[in-house]
Structures are given as C-alpha cells and as structure tokens.
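# Coordinate analysis (summary)
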Amino acid sequence: MGIDVGGTMLRGGLVGPDGSLRDVVRRPLPHGPEARHAAVLELARDLGQDAVAVGVAVAGVVDDGRLLLSANLGLGDIDLRTALVESTGLPSEVVNDAQAAALAEVRGGSAQGLVLVVTVGTGIGGAVVLDGKLVRGRGFAGEIGHVVVDRGGLPCGCGAAGCWEGLASGESLRRAAERVLPGPDRTVDRLVAAADSGDPGAVGALMEAAEAFADGLNGMCAVLAPHRIVLGGGVFARGGLVADVYRSQASTRRWVRGAEITMAAQGDHAGLLGAGLAARDLVAGPPTGVLAAL
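The following refers to the structure shown. Because the structure is predicted, anything quoted here is derived from the model rather than measured.

### A word on the sheet that holds strand 3 (residues 21-28)
Strands in a sheet are paired, the pairing made by backbone hydrogen bonds, and the direction either parallel or antiparallel. Spatially, 3-2-1-4-7 is the arrangement adopted by the 5 strands of the open sheet, whose pairing is mixed. Every other strand in the sheet has two partners, leaving strand 3 and strand 7 (92-96) as the edge strands with one partner each. The average undirected angle you get between the axes of adjacent strands in this sheet is 15°. Judged from the 4 bridges that link them, strand 1 (residues 2-5) and strand 2 (residues 9-15) form a sheet pairing that is antiparallel. In the strand pairing of strand 2, Gly 2 is matched with Gly 13.

This is how it looks when you write it as structure tokens:
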C-alpha cells in the first residue's frame, strides 16, 4: 500500500509485484493536525485488508519513520511509523514525499546518474540520487524548499522567513491569484488563464514566480552540478503554461544550463508509487544494485 499526504489531498493505492499502481483513492485532506493524522491512519486501515505492508510519503522532514516537521501540513514530531503499525498491524515505512518520488523514478523512470529531483506542489521538495541510490543524509537531505532566498520574505511554516518555496510553489501562485485577480474565485487556474490571455498583472505574477523558481534551482545546481534535473509534483503534472514558463526560465540560468531537464516519468503519482515501493521493500527487499536502503 502506498499513501501520499499532499498539501491539500490524501491519496492511497496498491502497488503490485510488477510495480503497477491500482485501486487509487483520493480524499480531501481535513483541517487541523489531529484530523490529518487520523485521516492518514483511517485510509491505511481502509486499504490494509488487501496489503502486506504500508508506505506513507509525506511533505516534511522524516527521520527513521518519525515525522519531525511538516511546514505545509502543520504536523510535527509524530512517530508516524509506530502509529501505522499499531493501527494496521502491518510493517510500515514513512518517507519524505520528494524522496518517494525519486524512488519511483529510480525504479523505472527517468532518474539515472547524478540527479536532482525537484517536486513543486503546495511547497517545494527535493531529492538527490547518486549512482542510482537515494542520498538521505540524516534523513532529510533534499529539503531544498526551505533554503532561505529572501531574508525579508514571508514567514514560513518551518519557522524561518523567505524560504524558496514561499516564492515559487503552488501556494505562492495561489497567493498571487488572490493578489492580482478581481472578484471571487481567485484561483491558480484563473491566474493561468488570465496570463494566457495577456493580462499584465497575471503575466507579471506568473513570471515573478517562475523567475524565483529559476533562481533557486540555479543555486541548487551551483552546489550539486547534476547531470539531470527531474521536475515533478502537482505544478508540473498539470502541464500547460505554468510548467512551460517555469522550465523555460530555469533553462536560461547559468548553472542549470548543461543539465538535462526532464519531466517526472511517473507524473503526479510518483510520490504515491514511491511510498508503495518503499512498503514493498520492507517485505521483499530492494532490487539489487538499484537502491541500497531507504
């Protein structure tokens, strides 16, 4: 079983022996830390009758099955793996959502060589794959969305101010829509449609976010010099103008140039699939030569 806990949506599904994903369900993520924690456990129990292990991908800092902090979910310091085991009676694993997406890409997607995987959704996540293996560091390597790029910027849920994800994530686009669009229903979809029709305010807001994304990615590449950059998450999965502008802006930056930029082969299901693969590894072990361990 794989479960992906995103910024606004909770998804679960079953991963078969061949790595295929089936029986995917989607549920709105409730408000409040306790309700969100309970919703994850409830979905795990609902899917548990057909599963042999549980994997959960969550947007946050994870170390040894413990969720230390999730800036976008309002969750922190939860021994989520133990809670899953107690709730379902099944072997359980918890991984960062971007690392889960990287795992899905490694297992048959587009990540080979030294690769930086960047997921842009409600926030910005990242993972580093080196020689086909996920780099975990102390459990949270790749938390690129919380690199401070503007010390005078907006407060972030992580406790800092001016984090990269505050300028270039899906949430930042939502705030831009509320700032520049008139009337009710000021959504990202409306912002994109307005930009596509040439509205100056919408175009400016979208370009501001795309340039912030490109600048942040440029800094990551100056440090890592990746051979390949894999772009995923909800913002890129939707395709269209936002994905095109983000990618085109990034390709103009000095340290990004030279890296091959590809889209996540597993699309918006990468985190969900990666969580299921992590669960499968608990009972079957990782494929030899692909990933040593999570």
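### Some remarks on empty space enclosed by the protein
If you walk through the whole model with that rule in mind, you get 2 cavities of 30 Å³ or more. A volume near 70 Å³ is recorded for the largest cavity. What lines the largest cavity is simply Val 5, Arg 36, His 37, Val 40, Val 56, Val 58, Leu 67, Leu 75, Ile 78 and Leu 80. No other element matches the 3 residues that helix 1 (residues 33-48) contributes to the lining of the largest cavity. When the residues that make up the lining of the largest cavity are grouped by side-chain class, the tally is 8 nonpolar, 1 polar and 1 charged. What lines the second largest cavity is Gly 60, Asn 96, Gln 99, Gly 126, Gly 139, Phe 140, Ala 141, Gly 142 and Glu 143. Considering only residue class, the lining of the second largest cavity consists of 2 nonpolar, 6 polar and 1 charged.

### Quick word on the nonpolar core
Across soluble globular proteins, you tend to see nonpolar side chains buried next to one another. With 40 residues, the main nonpolar core has Val 118, Phe 213, Leu 217, Ile 229 and Tyr 246 as its most contacted residues. Elements represented by at least two residues in this core include exactly strand 8 (115-120), strand 9 (124-130), helix 5 (170-180), helix 6 (188-196), helix 7 (200-224), strand 11 (228-232), helix 8 (234-237) and helix 9 (240-250). For this core, the element with the most residues is helix 7, which contributes 11 residues. Within the second largest apolar cluster, 26 residues are counted, among which are Met 1, Val 54, Leu 80 and Leu 90.

### Some remarks on the packing of aromatic side chains
Each pair of aromatic rings is reported with the distance of its centres and the angle of its planes. Taken as a whole, this structure holds 4 aromatic pairs when the rule is applied. On the numbers, 6.0 Å between centres and 80° between planes, the contact of Phe 236 with Tyr 246 is edge-to-face. Highlighted residues: Phe 236 in helix 8 and Tyr 246 in helix 9, separated in sequence by 10 residues. By the burial criterion, Phe 236 is buried, and Tyr 246 matches it. Pairwise contacts between aromatic rings join Trp 164, Phe 213, Phe 236 and Tyr 246 into one cluster.

### Brief notes about the sheet that holds strand 11
Strand order in this open sheet of 5 strands is 10-9-8-11-12, and the pairing throughout is mixed. Of all strands in the sheet, those with a lone pairing partner are strand 10 (133-135) and strand 12 (260-263), marking the two edges. For this sheet, the mean angle separating the axes of adjacent strands, direction not counted, is 30°. The pairing of strand 11 with strand 12 spans 4 bridges and is classified as parallel. Each residue of the ladder has a partner; that of Val 230, found in strand 12, is Thr 262.

So, how was this worked out
- Residues numbered from 1 in each chain as written.
- Predicted model: local features only at pLDDT ≥ 70, side-chain atom pairs only at ≥ 80, totals over all residues.
- Heavy atoms only, no water.
- Pairing = 2+ DSSP bridges.
- Helix = DSSP H or I, 4+ residues; strand = E, 2+ residues; numbered from the N terminus.
- Axes fitted to C-alpha atoms, helices over the stretch in contact; angles between N-to-C directions.
- 1 Å grid on protein atoms, 1.4 Å probe; cavity = no way out; pocket = protein on both sides within 12 Å on 5 of 7 lines; lining within 4 Å.
- Points joined across faces, edges and corners; volume = space filled by probe spheres on them.
- Nonpolar A, V, L, I, M, F, W, Y, C, P; charged D, E, K, R; others polar.
- Core = buried A, V, L, I, M, F, W, Y, C linked by side-chain atoms within 4.5 Å.
- Buried < 20%, exposed > 50% of the residue type's maximum accessible area, 1.4 Å probe, protein only.
- Phe/Tyr/Trp six-rings, centres within 6.5 Å; stacked < 30°, edge-to-face > 60°.

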